[in-house]
Amino acid sequence: MEPRRLQLLFVLHVLALPVQLCEIPRGNPALIKCLSMELLRLSQDLSEELNPSVYVALRLSADHSLEKEAQYLQRLKNVFQPSASSSIAGGQQKQPNTGRLALYLLALRAACQDMETLLERQLVTRLKYHLHREKEQIAFKRNGRPITSYYQYSLGVLALCIHGKKIDTHVIQKLLNAEQHKFTHGRKLSVDTMAMVGLAFACLKQANLYEPKLVAAISLAVQRVTDRILQAQTTKGTFGNIFSSPLAVQLLIATGMSKKSECHKGMDALLGSLEQGHFQNPMIMSQLLPVLDGKSYLDIATMECRAEQDTLELDTKCPGSRTVILGTKMITVQLAVEHPPNPEALYNHSIQVPSGASLQDVLRTAEEQGPGQFMFETQNTLHGPFLTTVMGVKASNGERRYWQLLQAPDTSLQKGISDYQPQDGESIILKFSPW
């Protein structure tokens, strides 16, 4: 056989080899279905905070419970559009911030709602106003920070883009300027922020609404962001940490990089953590489910809501992964509060709690044991309770300081106070830190 013919056959053979994509290995569909059921269960739990991201995940899933999804959407409407419903849940509602409003708009698009009604158009206008205020704050402050965060800013841009709305080019330019200076939390890259920025840029790139010069700048930004995401992959396959990985893989899927080995490695890490029950936060779970169906938030834009499989039912074979059973054994956790540059700890005591207790349980016990000695306050967010105040010292967005959760001496916790479960003999430090 001629050498050239042999070479051609070799090339054809290589092209025919299966490519490792961001696909779900065989044997895992049941695991993924259980995640869908867990989110469905959360949507029916009236004690849980309403979260549009949970609804979006259920809508992007292959399997549906259409009746329960419709019920959850109505509850969301009662909160986000109280004037549109006959009953206002919980009385007077606080106006949602940029991120919550953006997620709600994504939920409406995922439900294929008519966005040309007066109430829906008002929602779009409100989000545009939010972004205008965020943009003005970036221009006003020397450090170039929005009112909320660049994560929420990007999510707002993404939501308007998904709805096919043209966005003020100044809003886009502010995000382009910020991207070139990277996004860090402390000294580390904020992978979830970077991924959300990338998703916003990827949507804008496909929108066909902007001048070629701006589109070229957006395209370059997409490439830079995805490169940084890939560089952030650890030896374990995660991007940053396991909890920022779902959004990172969404970006890889959205930008057509699912054939890269990094994507396949990241998917393996996500599935391994899911199997071990590491995902208990509703927000992270809702970002993970679309990935396991090979989708990203960009897929919301093309949803038609037709011929959907109404096959998802709550199954006792899938126990709730978020069910925590406190043990009868008591454990001891050392709790310290540090406020640099003060060399002395503001608080340093041993706290006893049942095994399986959360860090939030530890803080509550400390507060109960010594009235006035330890005090803390939290703020409810879609990611769970956020520690805002300790010993009367309040975290400040303006000063860019927060209460950092550390495992002594200096290991940052990857979970929040309601999700993290300290072990017996562990030392936890609450440290007032810059970000």
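Residues numbered from 1 in each chain as written. Predicted model: local features only at pLDDT ≥ 70, side-chain atom pairs only at ≥ 80, totals over all residues. Heavy atoms only, no water.

K.L.:
Before we move on, can you summarise the state of the cysteines with the specific residues and values?
P.N.:
As used here, a disulfide is simply a covalent bond connecting the sulfur atoms of two cysteines. Summed over the entire model, instances satisfying the criterion amount to two disulfides. Across the disulfide from C112 sits C305; the S-S distance is 2.0 Å. Negative torsions about the S-S bond denote left-handed disulfides, and the value of about 85 degrees found for C112 with C305 makes this one right-handed. In this pair, C112 is assigned in the loop between α5 (98-110) and α6 (118-140) and C305 in the loop between α13 (282-292) and β3 (330-338), connecting sequence segments 193 residues apart. (Disulfide = S-S within 2.5 Å. Helix = DSSP H or I, 4+ residues; strand = E, 2+ residues; numbered from the N terminus.)

K.L.:
For the sheet that holds strand β10 (residues 427-434), give the residues involved together with the corresponding values.
P.N.:
In spatial order, the strands read β4-β3-β10-β8-β9; together these five strands make up an open sheet with mixed pairing. Of all strands in the sheet, those with a lone pairing partner are β4 (347-354) and β9 (411-412), marking the two edges. Of the pairings in the sheet, the one linking β3 to β10 comprises five bridges and is parallel in character. When the bridges of β10 are listed, Q334 appears paired with S427. Seen against the sheet, helix α14 (residues 359-369) touches β3, β4, β8 (401-407) and β10 and runs at an angle of roughly 115 degrees to β4. (Pairing = 2+ DSSP bridges. Contact = heavy atoms within 4.5 Å. Axes fitted to C-alpha atoms, helices over the stretch in contact; angles between N-to-C directions.)

K.L.:
Could you give me a rundown of the side chain of S296, with the residues and numbers involved?
P.N.:
The topology assignment puts S296 in the loop between α13 and β3. Contacts of S296, omitting those with residues within four sequence positions, involve L60, L199, Q250 and A254.

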